[in-house]
Amino acid sequence: MSLEVKDPVVSNAWLETLLSVCGCLPKDVIKREILGIAVAKGQLSQSVQSRLASCKILGRVATKFEPYIIKKEILPLVTALCQDIDYEVRGCMCRQLDSVARALGLENTKSAILPELVELANDEECFVRHAALDAVVNLLNLLDDDTCTQTIVPLVCKFCERSMEADDTTLPHVAEQFGRLCHGLSVNVDEQQQAWLLEFYTQLCIQGRMRDAQSPPPPPRTPSSICDEDRCAECRRNAAYNFPAMVLFAGPKNFKVELYNCFVSLCEDPHYIVRRTIACGFHEVAKLLGSHVQLIQQELVTLLNDNYIQVLEGIVPHLPETLESLVKGVGGGLSEARTMLYSTNRHQISNHADLVQSLLTCEYLVAACSQWRLHLTMMQRLACVVRVFTSDQIYSKFVPVLFQRLTLARVLPVKQAAGRTLCVIIRHNRRQEHRQELICRLIEALCHSNKYQLRMLFVDVCCDVMELFSRRFFKEYFFEFVLNLAHDPVANVRLKLCSLLPRLKTQIKLPGDRQLLQQLEHCVRRLLSHERDRDVAAAIRKSVFELDKIQVAMETLTQRMFMEEDLMDQKKEEEEKMLLELEEREKKEHEQTKGKNTEKGKGKGSKGQGRRGGDKSKEAKAAAAKEASPTMPRSNSLSHVSSSNNLSPGQRGAHNRGHRTSVGKTNSSELPSASPKLSKHSLHSGSSENMTSPGLTRIVSPHRIVSSVQDKKNRKYSLGSKEDRIKRTSSNSPVAGVSTSHSKKSSLKKSSHSLTNLAASSSGHGSPKGGSTPTHTRKKGSQAR
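Thresholds, definitions, all that
Residues numbered from 1 in each chain as written. Predicted model: local features only at pLDDT ≥ 70, side-chain atom pairs only at ≥ 80, totals over all residues. Heavy atoms only, no water. Helix = DSSP H or I, 4+ residues; strand = E, 2+ residues; numbered from the N terminus. Axes fitted to C-alpha atoms, helices over the stretch in contact; angles between N-to-C directions. Parallel < 35°, antiparallel > 145°, perpendicular 65-115°, else oblique. Contact = heavy atoms within 4.5 Å. Nonpolar A, V, L, I, M, F, W, Y, C, P; charged D, E, K, R; others polar. Core = buried A, V, L, I, M, F, W, Y, C linked by side-chain atoms within 4.5 Å. Buried < 20%, exposed > 50% of the residue type's maximum accessible area, 1.4 Å probe, protein only. Arc of directions from axis to C-beta. Expected span 1.5 Å × (residues − 1). Bend = angle between axes of the 7 residues up to and from the residue. Salt bridge = Lys/Arg side-chain N within 4 Å of Asp/Glu carboxyl O. Phe/Tyr/Trp six-rings, centres within 6.5 Å; stacked < 30°, edge-to-face > 60°. Lys NZ or Arg CZ within 6 Å of the ring centre and 35° of its normal.

(A) Seen up close, unusual backbone geometry. Note the cis peptide between Leu 510 and Pro 511, where omega equals 0°. You can see Pro 511 is positioned in the loop between strand E1 (509-510) and helix H33 (514-530).

(B) Seen up close, the packing of helix H15 (residues 255-267) against helix H16 (residues 272-280). Here H15 crosses H16 at 125°, and the two axes come no closer than 8 Å. Between H15 and H16, the angle is such that the two are oblique. Across from Phe 263, Leu 266 and Cys 267 in H15, the residues of H16 making contact are Val 274, Arg 275 and Ile 278. The residue makeup of the contact of H15 with H16, split by class, is 5 nonpolar, no polar and 1 charged.

(C) Structural context of the nonpolar core. The biggest cluster of nonpolar side chains holds 186 residues, and the ones touching the most others in it are Phe 178, Tyr 201, Phe 243, Phe 458 and Phe 478. Of the residues forming this core, the biggest block, 10 residues, is contributed by helix H28 (residues 452-468). Beyond its immediate sequence surroundings of up to four residues, Phe 478 is in contact with Ile 439, Leu 442, Ile 443, Phe 458, Cys 462, Val 465 and Phe 473.

(D) Broad picture of helix H31 (residues 491-498). Where H31 is concerned, the buried positions are Val 493, Arg 494, Leu 497 and Cys 498. Buried positions in H31, seen along its axis, are confined to an arc of 145° and lie on one side of it. Where H31 is buried, its residues touch H28, helix H30 (479-483), helix H32 (501-506), H33 and helix H34 (534-549).

(E) How the structure looks around helix H10 (residues 170-184). A rise of 1.5 Å per residue sets the reference length of H10, with its 15 residues, at 21 Å; its end C-alpha atoms lie 20 Å apart and thus fit the reference within 8%. Maximal helix bending in H10 amounts to about 50°, located at Gln 177. Within H10, 11 of the 15 residues are buried, which leaves it mostly tucked inside the rest of the structure.

(F) Region of the structure containing the pattern of salt bridges. Throughout the structure, instances matching the rule amount to 21 salt bridges. One salt bridge in this structure joins Lys 27 and Glu 66, with 2.8 Å as the shortest N-O distance. Remark: Glu 66 occurs in the loop between helix H3 (48-61) and helix H4 (67-82) and Lys 27 occurs in helix H2 (residues 27-41); sequence separation between them is 39 residues. A relative accessible area of 38% means that Lys 27 is categorised as partly exposed. Judged by its relative accessible area of 28%, Glu 66 is partly exposed.

(G) A look at the packing of aromatic side chains. Taken as a whole and assessed by the stated rule, the structure comprises 18 aromatic pairs. When the centroid spacing of 6.2 Å and the interplanar angle of 75° are considered together, the rings of Phe 255 and Tyr 260 count as edge-to-face. Take Tyr 260: its relative accessible area is 23%, and that puts it in the partly exposed class. Within the aromatic cluster, the residues linked to one another by ring pairs are Phe 178, Trp 196, Phe 200, Tyr 201, Phe 243, Phe 255, Tyr 260, Phe 263 and Phe 282. The side chain of Arg 95 reaches across the aromatic face of Phe 127, ending 5.6 Å from its centre.

(H) How the structure looks around the environment of Trp 372. Along the chain, the position of Trp 372 falls in helix H24 (residues 372-381). Residue Trp 372 is classed as partly exposed on the basis of its relative accessible area of 31%. Leave out the neighbours within four places in its chain, and Trp 372 touches Val 411, Pro 413 and Val 414.

No statement about biological role is implied by the geometric values presented.
Written as structure tokens, this is what we have:
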């Protein structure tokens, strides 16, 4: 009785409730209570609202009955409603033909439903034609091949031709369903019909644009012209939505001939909603093209440089899938060039320089807008560049931008995402110099920053490092610096550190990390005893309870207690060592190939000189060699270089100038070949750590990182002043050489003695005021200089 309420809102609410419970009711209850109501309300004498309710109920309960019951009691009413005088009733019943046909079966559908569907597809009202097209699309997987070939394909072609001529909303609706139609009929059309469908799709993609290009300047816009433009833009938008299905229909091999011009037109469409739609499906198109994906690389650059944020919202979330498909499609050109830094594929990287620039432009546009969540997504997706571009490209192009966002971004999640992306880049960088400098810059920009927000961000970066790198890497580079935050004057930084202390304990493994465990315990005791802020004091007490629950890993018990974690850590450590080995191997291969090329060049040059000069050039060379040999033998040249190293810089320059004038005809290629080797030996003769072979896989300490970066590249990044480095070095003195097997007093004496030695050695190049430097230290320093 509630369905007969005159208020349409209340009546529709009760109808929706009845339709939702029909699926839970048994068949006999539906037949006794509901089917009679549906048949009664479907009579022509009832109101339009009642007949609409009858159509919806019949479509919902049809799947509950057997085909003979439907054919006897429901099908006559369905046929009558399909021929109703009101177009809304005809359209509503047409949308229910899918469920009725599935309940009837294939044979009854071909004899009873298809004739009604063909008639409805030719209806005078566009609302009914839209419903008929939707019903055809839904019935494609039910009908057999013969029915589709003989009935559905001609019906679809005729429907498309009429929609192109009609001046209503039928054409945008056809464009919306065209992808499903072509995909469902792909096995039932011949080559001629396939070509016709592709040509019709081409017209959909340029609907409205070709007319604008051929016509003269338009008159002033009227409401009818605005509706026409909107209808054409909606048609192109629906065509862009179905483009992946059309690629599947035409095949990747025919993409360049059949669909490439349509794709370019959609990517350069004047309406931003069309470009946004094609950008949302760009990654699907890239996957479907496979080896032909290089055809759409320029269109990717075009979309990344788009000025509309709505377009970038469609392309940015799927950047990793798009770029990886691009790498796989070109045969591993980009990734192969990344793994082979000195290979012959370098010309392929230069061809993708515009892609790098477009990514940076896209990031700049996203950063300039007010949508920080899109910027966060961009920072997260930039981590995929490690699988696409070379380490040099990433270091020179993307790293400066990431450091800028890390320190100057307005929103904290964007900063955190930039820090994690930098950690991923460090993890996959192939050059050890780049990795060391990035670690230095990261510590200098965050841990030693004047802003407490960045020092708090350093704790988040340390969490990312512990997740991405091995325990050995974190302990070697970040452990000491994050513990130094316990002395931070800002309480929020110390509060942030307290949440990290339990994770720091999980990184320790005894007995090798006993010194780090002592530093951690000392940090906790200091915070417990000296902390005055009540929030930090409460946080450190909570962390102490968590620290007591964590059992320190032992090297002898690891295999039994921490098998899974240790295996993951071991895998990370092996990957880090593999990066070092690959770098050394590639350098050796590069040096070998360079030597072979120089030898070939010398051989070709000598042959050319022999042809041109003849015997006279050979005699001149022999005479020059005789004159040069008594004047400057090779042993004397080496002794001259070694003796000049013992002079002061001014005396050495004068000595070298005088030697060059006295030599005259000496071969100049000997001095550059001997001088670098000798100077390198003199520079590294003072430290035994630098005498390791280049192929040895080792991790350099952060203090050595700073010195190497400052000496080699004269960077301004450092890890603190000299006094801070002396303090940190003195805190690690028990690891360097103090024996822990003696009593506590003797160990303290030895540690204090080693502290004085370390302080003296650290001030070797410049002693503090009031002190004196030993003579042998000065001699070594002058020799090194």
